[in-house]
Amino acid sequence: MKLNIKYLFGAAILLFIQACDKIDAPYRETTDAVSGTNDSTIIIGGDTIVFPADPSSPIKKVLVEDYTGHLCGNCPSAGLLLNNTLRGVYGDKFIVVSVHSGFFAHPCGSSAPCPGAAAPPGAFSTDFTNATSNAWEAQFAVSAQGNPNGTVDRIDFGTTNFVKADNQWSSLIQSQSLLPCDFKIRIINQFDSTNFELKTAVQTTFLNNKTGEYKLQLVLVEDSIIDWQEWYGHTPIYEPSFVHRDVLRAGINSDFGQLISTGAVTSGTVKLEGFTFTINSNFDPAHCKVVAFIYDASNYQVLQVEEMKVIE
């Protein structure tokens, strides 16, 4: 009998030790069947995603949000400025998200004539707006000041200088890209073409000591969409085959992202997040990418941004 008690007691201790080991391990549990085993490995819905070692130093990248609309006749020139002229100057130092919102993004057609323009029947019926673009417009009111306009790293929020005209973008991209790089963002995407399910892992490394509240925002962007655009100075003025670049399609982790740190965080700290998202079957996954950025929750200023294609 004593032997049985000792055996049971020893087994109980063994189970307790094993349980303690499981609790003490570097194991994180979040939503959407996501778990992290360490700073480089995350499991999303049963699929393991591993970030390989990467000792490279990142550059500070700049987020340019181009508020636009298919009924904005002056907007094509702003898009060409970003994608043709400034891309040749600054290369990959900046990332563009084209936000269709406000009056000029109104969808119209034969049953709903375009405001202020007699467009061809059936034209401009595509609705490029979405919950996130509408939420950003409600918060930032960029399109309310006319288009083309935008923001650069969302600097100067809360002031009359927040909205940046397209003739300001170049100098601001230059100055923002020279700021210290506080974060390194890495993205890995896995896409299931059968059910249009996207699994995205994001690894964020703090490169400097930081204090405050910082949020991670992920959005889905679709590039090279062929559709109608009103275009002043162009023949025809109503262009049916305009190439819409970097269109904001949806927020992946809500309209304004999620908090990833609060208080003091030391340099070298790594945050690992995972998400599942179903891409609209009307979108072209081959032209889609995930844009992830870190911003200061107190003033919306973007401190780092990165992008990765859904299908490599």
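Residues numbered from 1 in each chain as written. Predicted model: local features only at pLDDT ≥ 70, side-chain atom pairs only at ≥ 80, totals over all residues. Heavy atoms only, no water.

A. The state of the cysteines, seen in detail. Within this structure, the stated rule accounts for 1 disulfide. Note on cysteine connectivity: cysteine 72 is disulfide-linked to cysteine 75, with sulfurs 2.1 Å apart. Residues cysteine 72 and cysteine 75 share a disulfide whose torsion about the S-S bond is about 85°; that sign makes it right-handed. (Disulfide = S-S within 2.5 Å.)

B. Structural context of the packing of aromatic side chains. Going through the model one piece at a time under the given rule, you end up with 18 aromatic pairs. Ring geometry for phenylalanine 140 and phenylalanine 256: centres 6.3 Å apart, planes at 75°, overall edge-to-face. A residue pair is termed long-range when its members are at least 10 positions apart, and phenylalanine 140 in helix H3 (residues 131–140) and phenylalanine 256 in the loop between strand S14 (247–251) and strand S15 (258–265) qualify at 116 residues. A residue is classified by how much of its surface remains accessible, and phenylalanine 140, at 6% relative accessible area, is buried. Ring centres 6.5 Å apart and planes at 80° place the aromatic pair phenylalanine 206 and tyrosine 214 in the edge-to-face group. For the residue pair phenylalanine 206 and tyrosine 214, the accessibility class agrees, reading buried in each case. The ring of tryptophan 136 has arginine 154 sitting right over it, with the charged end atom 4.6 Å from the ring centre. One residue, arginine 154, lies across the ring of tyrosine 295, its end atom 5.8 Å from the ring centre. (Phe/Tyr/Trp six-rings, centres within 6.5 Å; stacked < 30°, edge-to-face > 60°. Helix = DSSP H or I, 4+ residues; strand = E, 2+ residues; numbered from the N terminus. Buried < 20%, exposed > 50% of the residue type's maximum accessible area, 1.4 Å probe, protein only. Lys NZ or Arg CZ within 6 Å of the ring centre and 35° of its normal.)

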